[in-house]
Amino acid sequence: MSFSAMTKEELARITVPKVCCNLAELAALVRMDGTLQISNQVYALNVVTESAPVARKIYRLAKTVLKLPVDIVVRRKLRLKKNNSYLVRIYPQGQSDLQRLGILDKDGDIQPGIADELIKHRCDQKAYLRGAFLAGGSINNPEGTYHLEIISNDEHHAEDLCKLLNRFHLGAKVSIRKNWHVVYLKESEHIVDFLGFIGAHHALLEFENVRVFKDMRNQVNRLVNCETANLNKTVDASVRQVENIRRISRTIGMQSLSEPLREIAELRLEFPDASLKELGEMVHPKVGKSGVNHRMRKIDELAEKIQEQNS
């Protein structure tokens, strides 16, 4: 089971006692996945989902919140080797039921975006977002890139979803993918916050575990890369210093160097892998890393002069 499917299964099992929250969640599910059918003044809301837990939740909410007739049809797809889909058909008894679900406005026209009455309270806002994610949301496995999105086919609804998410300071944005409007979150902290307030606590813990492990692994990799770069830098400097010392020895001789320079030069030849700090510990009296570096610079400058004169 994918991380996204696991998250939705957890959310589908959530039950809350407040009627307003249940109505907001049902409204989001219907708005995202439903179509309105009108025949001889008889209304039917057809909501299609490929998730059995989500279908059961829609059925339960419609029966308990709106107390409407509901039935479920299972569409089997054995030959196509696809998952079954579930058609939940809700039968509103009039325009008032459609208005309660935010499908029609007070004048009986199609409601653009999200009806304000559905998201008056903080709990309703969270419930609506939970329903929207159940219907049209997905989340990447945290092992990969961090990405959570909710897809809507309605521009106004997508913009309202984005605004609703940003009431919780989640940095949501909207993009267009073909004919779909995609509301998305990219930052891991925002995804964690979203999972928390919609009630996906097990998914949140799993997400956090993976995120902490990834952060630790990335930090270790950065440290290793840094150490490797420093080691390569030290080796390159040591090779250059040994070559310069040997050039001096072949041309003007080591005796031409002052005692401090000759001492550090002989130590470098004897210990080519030692760091500047380690070389400083070997001289008498001891000197610091900057002191050794100063002497090595003098040797490099002398070797460069000799090379210029001989070229």
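Residues numbered from 1 in each chain as written. Predicted model: local features only at pLDDT ≥ 70, side-chain atom pairs only at ≥ 80, totals over all residues. Heavy atoms only, no water.

Trainee: Any chance you could explain a nonpolar patch on the surface here in plain terms?
Mentor: On the surface, Y59, I72 and V74 cluster together to form a nonpolar patch covering roughly 220 Å² of accessible area. Of note, I72 is situated in strand β3 (residues 70-75). (Patch = residues over 30% accessible without salt bridge, like charges linked within 9 Å, V, L, I, M, F, W, Y side chains within 5 Å. Areas by Shrake-Rupley, 256 points an atom, 1.4 Å probe, with all protein chains shown as cover. Salt bridge = Lys/Arg side-chain N within 4 Å of Asp/Glu carboxyl O. Helix = DSSP H or I, 4+ residues; strand = E, 2+ residues; numbered from the N terminus.)

Trainee: Would you mind showing me how to read the sheet that holds strand β2 (residues 42-49) here?
Mentor: The strands that make up a sheet are held in pairs by hydrogen bonds between backbone atoms, and each pair lies either parallel or antiparallel. Reading across the sheet, the four strands line up as β1-β2-β4-β3 and stay open at both edges, with antiparallel pairing between neighbours. Since the sheet does not close on itself, it has two edges, and those belong to β1 (34-39) and β3, each with one partner. The average undirected angle you get between the axes of adjacent strands in this sheet is 25°. Relative to β2, β1 runs antiparallel, the two being bridged by six bridges. Residue pairing across strands places T35 opposite N46, the latter belonging to β2. Packing of helix α3 (residues 52-66) onto the sheet brings it into contact with β2, β3 and β4 (85-90), and relative to β4 it is tilted by some 10°. (Pairing = 2+ DSSP bridges. Axes fitted to C-alpha atoms, helices over the stretch in contact; angles between N-to-C directions. Contact = heavy atoms within 4.5 Å.)

Trainee: Would you explain the packing of helix α2 (residues 19-33) against α3 in this entry?
Mentor: With their axes 10 Å apart at the nearest point, α2 and α3 run at an angle of 130° to one another. On the basis of the axis angle, α2 is oblique to α3. Of the two possible hands of crossing, α2 and α3 adopt the one that is left-handed. Of the residues in α3, those in contact with V19, N22, L23, E25, L26 and L29 of α2 are V54, K57, I58, L61, A62, V65 and L66. (Parallel < 35°, antiparallel > 145°, perpendicular 65-115°, else oblique. Left-handed = near helix turned anticlockwise from the far one by under 90°.)

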